[in-house]
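Descriptive analysis of the structure
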Amino acid sequence: MSKNLVIVESPAKSKTIEKYLGKDFKVLASYGHVRDLVPKEGAVDTEHDFAMKYQLIDRNQRHVQEITKALKDADTLYLATDPDREGEAISWHLYELLNDKKQLKNKTVHRVVFHEITKKAVTEAIANPGVLAINLINAQQARRALDYLVGFNLSPLLWKKIRRGLSAGRVQSPALRMIVERELEIEAFKSREYWSIDAALTAAEQNFKAKLTQFNGEKITQFSIENAELAEKTRLTLLEAADGQLTVAKVTKKKRNNQPSAPFITSALQQEAARKLGFTTKRTMMVAQQLYEGIDIGGETTGLISYMRTDSVNLAAEAIEEIRALITEKYGAKNVPKEPRQFKTKAKNAQEAHEAIRPTSAFRLPADLKNHLTAEQLKLYELIWKRTIACQMIHATLNTIAVDLTCAEGLHQFRANGSSIADPGFMIVYLEGKDDNAANDDQETFLPLLEEGRPVPLNDIIADQHFTEPPPRFNEATLVKSLEEHGIGRPSTYATIISTLQNREYVILETKRFYPTDVGRIVNKFLTEHFTKYVDYNFTANLEDELDAVSRGEKDWVPVMREFWQPFTSLIQDKETSVQRKDVTQEALDEACPTCGKPLSIRLGRNGRFIGCTDYPTCSYTRNLDDDKGGSNEPEIVEGRICPKCESNLIIKTGKYGKFIGCTNYPNCKHIEPLDKPLDTHVVCPQCKTGSILKRKARSGKIFYSCSEYPKCNYALWNPPVAESCPACEWPILTVKTTKKNGAEKACPQKDCKYATPYEGDPADANGPQT
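Scope of this entry: the structure provided in the associated data block. None of the values given here were measured: they were computed from a predicted structure. (Residues numbered from 1 in each chain as written. Predicted model: local features only at pLDDT ≥ 70, side-chain atom pairs only at ≥ 80, totals over all residues. Heavy atoms only, no water.)

1. Structural notes on the overall build of the protein
The condition is simple: Helical segments are the DSSP runs of H or I of at least four residues, strand segments are the runs of E of at least two, and each set is numbered from the N terminus. For each residue, the accessible area found with a 1.4 Å probe, counting protein chains only, is set against the maximum for its type, and the residue is called buried under 20%, exposed over 50%, and partly exposed in between. Contacts are residue-level and defined by heavy atoms, with any inter-residue pair within 4.5 Å sufficient. Two residue types count as positive, namely Lys and Arg, and two as negative, namely Asp and Glu; His and chain ends fall outside the count. All charge positions are set by atom: Lys at NZ, Arg at CZ, Asp at CG, Glu at CD.
When helices and strands are tallied, the protein shows 18 helices and 35 strands. Each of the three principal axes of the protein carries a C-alpha extent, and together these read 95 × 85 × 65 Å. Looking at the protein residue by residue over its 771 residues, the buried ones come to 47%. The contacts of the protein with a sequence gap of at least 6 include a subset with a gap of at least 24, amounting to 65%. Counting 105 positive and 103 negative side-chain charges, the protein places the centres of these two groups 5 Å from one another.

If you want it as structure tokens, here you go:
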């Protein structure tokens, strides 16, 4: 019998820790939260200081029973859940539950915290226990109460004013606003033409370009040249003035130091994993959890990274010492700075006792773990390892050069910029990724040796046409970055925010970009017009700051709740009566109905927005939102085709996932087929050997490949097939797989086969034409 009982969240974590502590300790998992608010109205009593009614979570009942049974034989209980607000709340709920059951009589209860799952960290935490942090618990309770009150009061209003089944969240709603506002910005964007003028030059047998910066003594701006006629006129003037050469007027040489990035905090890891690995935030956190909780690395199970929910960039002194030793051994002493690098935490409420995300041992090289980790685990571990090592290396030194070239006695001027790496420093290990809207100023251009006063042969003057582009839609990396910049949510909640918006079908992710759905637009319109304060970025961020103040013990949580609740509930009651459903779901158009002459409006239907008559149901005129004005609402008949089942006419219909072909005899005949026929790749299915693989489009818009004999044969692929057998395992086909790291490869689709070879054709040809 074990006299010491230790409680953690997950079974993976419990097995690792039990090995470290030995036979005197029994370690059990709570499997996350053990209780939550009762799922009905009144769970938070707003009349009595926001008292909360909790209940045991059904799925964890047997785990609580197991803990209760083990506690009878124990003298001491160690609550060892994660070292953050959520972990503190789990420990507190379990404590309260056991205390209510009178199970803690004559028991010693400790709270222990460790930031990595290694034998040293765990044993030290057990030897130096603490107590539950009531301030963290209060802050977490306040967050849960706020989320409940918003959800249980605002969601029913959305049901009444828009449609049943909708919901709104305190933090998700401002995030939705970001995505919708970006889409509206893109739709309103008007592209503008402009031209750039470059000189094509040659010196020392090397070709290079210089950009026009001054024309006729005036500085060139982005829109100085706005049409082809002016561009050509400028080009001819420059050619005539240069007469075959430009003169080097000035050469400016500088050295620039590039500093390494700080080690990862949660949001930075999510952004970089999205940029470099293509991981979603949810996937990043799931894989990071596995690395943190412990991996069997050949007879030894240990956590490979420190705790992955953190907003601190601090590194422990021991960790820094080990990192510097690794750099000396692997990359040479010249790459170790004289003093360890210290980074300043940007987050307002960063818990400085926490550490940044780092390997638990710098000497545990990614290459040495290759046989013990999955492909995803290895990729993420390597990313964390490289960033951590690089942050303690010397800066990179770049040589930069700017050359001004002129003609017509300085009346016209060009600029050529170049750079070269003098000393790569940290760059030999790691380079931070860039967002798609970041300036690409680090692109390297090597210039020949140029001397002031010397002429340089001019090959041509090149005029290029450009058009301004709208801001890009958010991807996961840029959305997390924007949420962080606005102070909305906290690092541990970003993945949940994004998943919730997708699960509610307020946004969809296509080609790794977020698009708002019609329902998402309407919900956002309702919230921004009628609950403006509560989707305001500053209000949401300030409320987060107040909750952080509660966690630091600077504020009491009840007044914070009261300050939020009183105006919020008054606004709910007002909107119940003052807003009508049509005010939210309809948008008036300056157009008359072609059937009855009454005004038309944009309306929200089951399958999205459409144009309909305001005199419905008397007049049933409707048309698709993107149809031409005055278009007929009669369905389009498919010429030359009849239904293969009942021989009725076929028509083009519109459903939740777009247009499709259906039978006019519906609902008696339910025949449907895609509007675009799947493309036959003429590759024989390797599974059934009778069908051929077709290129299809999923409802989400994503391309996939599957057998023509479906549903008899369920063989499917994400990558285009090639009619070549695998030389390694002899599987009848290969696929063309394209990744950021390796480019286009012919790869075997069998999971157990690792065969891959560079693909020499165009990957676009392998995909075939779009369906």
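2. Comments concerning unusual backbone geometry
Look at the link from Tyr 666 to Pro 667: it is a cis peptide, with omega at 10°. Considering the arrangement of structural elements, one finds Pro 667 in the loop between strand E26 (658–663) and strand E27 (672–674). A positive phi angle, near 60°, is found at Tyr 31, a position not held by glycine. Looking at the secondary structure, you find Tyr 31 in the loop between strand E2 (25–29) and strand E3 (35–37). Residue classification places Tyr 31 among the partly exposed residues on the basis of a relative accessible area of 38%. Of note in this structure, Glu 205 is not a glycine but carries a positive phi near 60°.

3. Description of the sheet that holds strand E29 (residues 692–697)
By definition, the strands of a sheet pair up through backbone hydrogen bonds, in either a parallel or an antiparallel sense. Counted only if it meets this: Any two strands with at least two DSSP-identified bridges between them are counted as paired.
Read from one edge to the other, the open sheet built from four strands follows the order E28-E29-E30-E31, with strand pairing classed as antiparallel. Two strands close off the open sheet at either side, each with one partner strand: strand E28 (679–684) and strand E31 (716–717). Here five bridges tie E29 to strand E30 (residues 703–707), and the two strands are oriented antiparallel to one another. If you follow Leu 694 over to E30, its bridge partner there is Ser 706.

4. A short note on helix H16 (residues 557–578)
As a reminder, the rule being used: In a helix, the anticipated span is given by 1.5 Å times the number of residues less one.
Here H16 spans 32 Å end to end across 22 residues, near enough to the 32 Å set by a 1.5 Å rise per residue. For H16, the complete set of buried residues consists of Trp 557, Val 558, Val 560, Met 561, Phe 564, Trp 565, Phe 568, Thr 569, Ile 572 and Lys 575.

5. Observations concerning the pairing of strand E21 (residues 599–605)
Of all seven residues making up E21, six are buried, and the element is well covered by its neighbours. Inspection of the sheet shows strand E20 (residues 587–592) paired to E21 by three bridges, in the antiparallel sense. When the bridges of E21 are listed, Ala 588 appears paired with Ser 601. Between the antiparallel neighbours E20 and E21 lie six residues, among them Gly 597 with a positive phi of about 85°. Here six bridges tie E21 to strand E22 (residues 608–613), and the two strands are oriented antiparallel to one another. Within E22, the position partnered with Leu 604 by the bridge is Arg 609. In this structure, the hairpin formed by E21 and E22 is closed by a connection of two residues.

6. Here's the deal with the nonpolar core
A general trend in soluble globular proteins is that nonpolar side chains are found buried together. Where we set the bar: Side-chain atoms within 4.5 Å link the members of a nonpolar core, which is a set of buried Ala, Val, Leu, Ile, Met, Phe, Trp, Tyr and Cys residues.
Within the largest apolar cluster, 64 residues are counted, with the highest numbers of intra-cluster contacts made by Val 6, Phe 114, Ile 305, Leu 380 and Ile 389. Mapped by element, the contributors of at least two residues to this core are strand E1 (4–8), helix H1 (11–21), E2, helix H4 (119–127), helix H8 (266–277), helix H9 (281–293), helix H10 (317–331) and helix H11 (375–390). In this structure Ile 389 touches Ile 323, Leu 326, Ile 327, Tyr 331, Ala 362 and Val 429, once residues within four positions along its chain are discounted. Counting residues in each nonpolar core, the second largest holds 63 residues, with Tyr 54, Ala 175, Val 180 and Val 507 among its members.

7. Details of helix H2 (residues 61–71)
Counting along an α-helix, one turn takes 3.6 residues, and residues three or four places apart therefore face a common direction. For clarity, the cut-off: The arc refers to the directions leading from the helix axis to the C-beta atoms.
Within H2, burial applies to His 63, Val 64, Ile 67, Thr 68, Ala 70 and Leu 71. Across the axial projection of H2, the buried residues extend over an arc of 165°, all falling on one side. When the buried face of H2 is taken as reference, the exposed residues oriented beyond 90 degrees from it are Arg 62 and Lys 69. Elements that come into contact with the buried residues of H2 comprise E1, E2, strand E6 (54–56), strand E7 (76–79) and helix H3 (85–100).

8. Structural notes on the packing of aromatic side chains
Under the convention used in this document: Each Phe, Tyr or Trp ring, with Trp reduced to its six-membered ring, pairs with another whose centre is within 6.5 Å; inter-plane angles below 30 degrees give stacked pairs, above 60 give edge-to-face pairs, and intermediate values give tilted ones. Two conditions define a charge sitting above a ring: the NZ of Lys or the CZ of Arg must be within 6 Å of the ring centre, and it must be within 35 degrees of the ring normal.
Under the criterion given, the structure shown has 15 aromatic pairs. Look at Tyr 54 and Trp 92: their rings are 6.3 Å apart centre to centre, the planes differ by 75°, and that puts the pair in the edge-to-face class. With Tyr 54 in strand E6 and Trp 92 in helix H3, this residue pair connects regions lying 38 residues apart in the sequence. For Trp 92, a relative accessible area of 12% corresponds to the buried category. Aromatic side chains Tyr 534 and Phe 564 sit 5.5 Å apart centroid to centroid with 80° between the ring planes, which places their arrangement in the edge-to-face category. With Tyr 534 in the loop between helix H14 (518–530) and helix H15 (537–551) and Phe 564 in helix H16, this pair connects stretches of sequence that are 30 residues apart. You'll find Tyr 534 and Phe 564 in the same group, each marked buried. Here a set of aromatic residues connected by ring pairs shows up, and it is made of Phe 526, Phe 531, Tyr 534, Phe 539, Phe 564, Trp 565 and Phe 568. The ring of Trp 92 has Arg 35 sitting right over it, with the charged end atom 5.4 Å from the ring centre. When the ring centre of Tyr 430 is taken as origin, the NZ or CZ atom of Lys 276, which lies over that ring, is 4.1 Å away.

Function-wise, these values are silent; they only describe arrangement.
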